[in-house]
Amino acid sequence: MTTLRSGGRRAFLRASGGFLAAAPWLRRLPAPSPAARAFDPDFGTAAEAAEALRTGAISSRELTAHVLARIARHNRALNAFITVAEEQAAAAAREADEARAAGRSLGPLHGVPIVMKDQFSTAGLRTTYGSRKLESRVPATDAVVVSRLRRAGAVIVGKTSLPEAAGDHQTYNDVIGTTNNPWDLKRTPGGSTGGGAAALAAGLGFLELGSDLGGSIRNPAHFCGVYGHKSTLDLVPSEAPAVTPPGVVLPPSDLAVAGPLARSADDLRLELETVGGPGALQGVAYRWTLPAARAARLRDCRLGFVLGDPFCSLTAEVAAVHAQAIDALRRSGATLHEGWPEGFEPQAAFDSYFYLSSLRLAPTLSDDQLESFRRQAEHPAGYYAKRRFEALTSSAREWSRHNAARFQARARWTEYFKTHDAFLMPVNFITAFAHDQSQPMYVRLLDTPEGKRMYLDLMKWVSPATLSGCPATSAPIGTTAGGLPVGLQIMGPYLEDATPIAVARLMAEVVGGFKPPPAFTA
């Protein structure tokens, strides 16, 4: 374990440089105990932080102050936060310490500083959804998932950035501008949970809660070298988008989910077990228990995999890292079977996924927005705009066909997982790419070493798990020769989220897990 580099309370104060150094509650803190030096407050895991807090190695006020000091020092380069919650976090940390001193446990995250995607409502703390129209919105109540994290003792230190309405695969908005990747500031951390992935990678908090429809957890995790988990559909309660017009009630999402991001696979499970389970309405009758992981050792794992497919070919540098990971798994004794499940056609699955995802916010679209898609469809690079426009103007019969394909895909994967524990595939065909906001997303092109690609090809590899509703974990497996992170996607059986998370944890033993970006280790 990395040793504590801060050197205690005085270093906390020196590092803060501003609002923290002036905080009276911080000046009154005693020096951390010698045992605190065994815990890494920069890049330790949430579970390690919780244990250090439980044993008294460090207080929540000390740890929260340290995280806020790192945010003050590093966020200028990253621009990962829309709001930093100094006062609210300080009060929550003080309450956590007072509760512990009184012998009361608040839960598994007692006093642990976390960050929160600025999509989820937080009582008393602004929630903008990345929209200038909402930049002064301060909810009176927490989203269900936020409430559960607070009840578990978590301390929210800030709200992380996202594209407006979580609607892009890069993170930029008119509220704070562009968020940068900690591995290369000229590149994107991905979207839409880009601010959270960047913050975790840079050591600016211990957990993030994100959301995923088009890879919005998995892609940022892959681009930033952290862990991310797309939960099974409906396993974690979601709330209606803040951008929904007043009076418009959307049906429950049939694709989008909420889920955790972290610096370890075990932390994914810790947060998932905290936020998972039925919401208030379903909770009247239902209870949830996470099924145990299917295997505890790599040599007991039965894994299917694909290293690539013509439907979305990989760049050579990504393919090389994947091949190394598969070789390491083979040497570990894991049982590996290459190839898609019998009868599964990835392009057909993607077509149905893209059609259904295009309709997610259809009730909120104005006639002008629909006309914009029609015009973009006429652009030379407007393939995806055309596909979305066709979906938005299609018949009920067409919707029924793609909806049936969703359940056919789930049935096919259910059958496959009777003989396999998990399925490994790329998260994306490319590593983190240079910032590019030059064209509307649906006609944008990406530069790759192998030539230009359509921007929304970024959604292809995440589509099998999203269409079927199955869980999928993004796990870091190494870096390219150019030093950019690469993740591997681990898809698991429906409702058995512990299994892909466990595979991610076991894989870290042979391919390595999270590594901090060098520029943020000082």
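Fair warning: this is a prediction, and the values are worked out from it, not measured in the lab.

What follows concerns the sheet that holds strand 2 (residues 113-117). In spatial order, the strands read 1-3-2-6-8-7-14-15-11-9-10; together these 11 strands make up an open sheet with mixed pairing. A single partner strand is all that each edge strand has here, and the edge strands are strand 1 (81-84) and strand 10 (335-338). Taken over all neighbouring pairs, the strand axes of this sheet differ in orientation by 30° on average, direction set aside. Here 5 bridges tie strand 6 (residues 208-212) to strand 8 (residues 257-262), and the two strands are oriented antiparallel to one another. Following the sheet pairing, L209 is matched in strand 8 by P260. Relative to strand 8, helix 9 (residues 265-275) is tilted by about 145°, and along the sheet it contacts strand 6, strand 7 (227-230), strand 8 and strand 14 (472-479).

Bringing the nonpolar core into the picture now. V112, W340, W413, F423, L424 and W461 are the most contacted members of the largest nonpolar core, which has 131 residues in total. Setting aside its immediate chain neighbours within four residues, W340 contacts V306, D309, F311, P346, W413, F423, M425, W461 and P464.

Residue S192 is bonded to the preceding G191 through a cis peptide linkage, with omega at 10°. In this fold, S192 is placed in the loop between strand 5 (177-178) and helix 7 (194-201). With phi around 60°, A165 is a residue other than glycine that occupies positive phi space. With respect to the helices and strands, A165 occurs in the loop between strand 3 (155-160) and strand 4 (172-173). When its relative accessible area of 24% is taken as the criterion, A165 is described as partly exposed. Backbone geometry at L495 places phi at a positive 70°, although glycine is not the residue there. Mapped onto the elements, L495 comes out in the loop between strand 15 (485-491) and helix 16 (498-511). The partly exposed category is assigned to L495, whose relative accessible area is 38%.

Quick look at helix 4 (residues 60-78) now. Residues separated by three or four positions in an α-helix point in the same direction, a consequence of the helix having 3.6 residues per turn. Most pronounced at A72, the bend in helix 4 amounts to some 40°. Most of helix 4 sits out of view: 14 of its 19 residues are buried. Of the residues one or two after helix 4, N79 is the one with positive phi, at around 55°.

To continue, consider the packing of helix 10 (residues 316-332) against helix 16. Their axes nearest at 9 Å, the elements helix 10 and helix 16 cross at an angle of 95°. Compared by their axis directions, helix 10 and helix 16 come out roughly perpendicular. In this structure, helix 10 uses A325, A328, L329 and S332 to contact helix 16, whose residues at the interface are M507, V510 and V511. A class-by-class count of the residues in the contact of helix 10 with helix 16 yields 6 nonpolar, 1 polar and no charged.

Along the polypeptide, S60 turns up in helix 4. A relative accessible area of 1% places S60 in the buried class. The contact partners of S60, leaving out residues within four places of it in the chain, are L53, A93, A96, D97, G111 and V155.

Further remarks concern the environment of A328. Tracing the chain through its elements places A328 in helix 10. Spatially, the C-alpha atoms of A328 and A475 are 14 Å apart, while their sequence positions differ by 147 residues. Apart from residues lying up to four places away in sequence, A328 is in contact with V510 and V511.

In this section: the side chain of H420. Locating H420 in the fold gives a position in the loop between helix 14 (396-416) and strand 11 (422-426). In terms of polar contacts, H420 uses its side chain to reach the side chain of T419, at 2.9 Å. Residues contacting H420, with those up to four places away along its chain left out, are R294, R302, L303, G304 and H337.

Looking at the protein, pLDDT values average 93 and 93% of them are 70 or higher. Within the protein, helix 1 (residues 9-16) has the poorest average pLDDT of any element, 42, and helix 7 the best, 99.

This paragraph deals with the pattern of salt bridges. Counting across every chain of the model gives 27 salt bridges. As a salt-bridge pair, K159 and D118 come within 2.9 Å of each other at their nearest N and O atoms. Taken together, the residues span a long stretch of sequence, with K159 in strand 3 and D118 in the loop between strand 2 and helix 6 (144-151) at a distance of 41 residues. Accessibility assignment for this pair places K159 and D118 in one class, buried. Put simply, R297 and D300 hold a salt bridge, and the shortest N to O gap is 2.7 Å. Assessed through its relative accessible area of 39%, R297 is described here as partly exposed. Note on D300: relative accessible area 36%, which makes it partly exposed. Among the ionic contacts, a cluster of salt bridges with common partners joins R294, R302, D421 and E496.

Another point: the pairing of strand 7. Residues of strand 7 alternate between two faces, with Y227 and H229 on one and G228 and K230 on the opposite face, all of them buried. Two strands pair when backbone bridges link them, and strand 7 and strand 8 are joined in this way by 2 bridges, in the antiparallel orientation. Across the sheet, the residue bridging to Y227 is A262, located in strand 8. Both strand 7 and strand 14 contribute to a ladder of 3 bridges, which runs antiparallel. Along strand 14, the bridge assignment pairs K230 with A472.

Right, let's talk about the environment of E48 for a bit. Structurally, the position occupied by E48 is in helix 3 (residues 46-54). For E48, a relative accessible area of 30% puts it in the partly exposed group. In this structure the C-alpha to C-alpha distance between E48 and D267, which are 219 residues apart in sequence, comes to 9.4 Å.

Criteria and cut-off values
Residues numbered from 1 in each chain as written. Predicted model: local features only at pLDDT ≥ 70, side-chain atom pairs only at ≥ 80, totals over all residues. Heavy atoms only, no water. Pairing = 2+ DSSP bridges. Helix = DSSP H or I, 4+ residues; strand = E, 2+ residues; numbered from the N terminus. Axes fitted to C-alpha atoms, helices over the stretch in contact; angles between N-to-C directions. Contact = heavy atoms within 4.5 Å. Core = buried A, V, L, I, M, F, W, Y, C linked by side-chain atoms within 4.5 Å. Buried < 20%, exposed > 50% of the residue type's maximum accessible area, 1.4 Å probe, protein only. Bend = angle between axes of the 7 residues up to and from the residue. Parallel < 35°, antiparallel > 145°, perpendicular 65-115°, else oblique. Nonpolar A, V, L, I, M, F, W, Y, C, P; charged D, E, K, R; others polar. Polar contact = N/O pair within 3.5 Å; in protein donor to acceptor, adjacent residues only side chain to side chain. pLDDT = per-residue confidence, 0-100. Salt bridge = Lys/Arg side-chain N within 4 Å of Asp/Glu carboxyl O.

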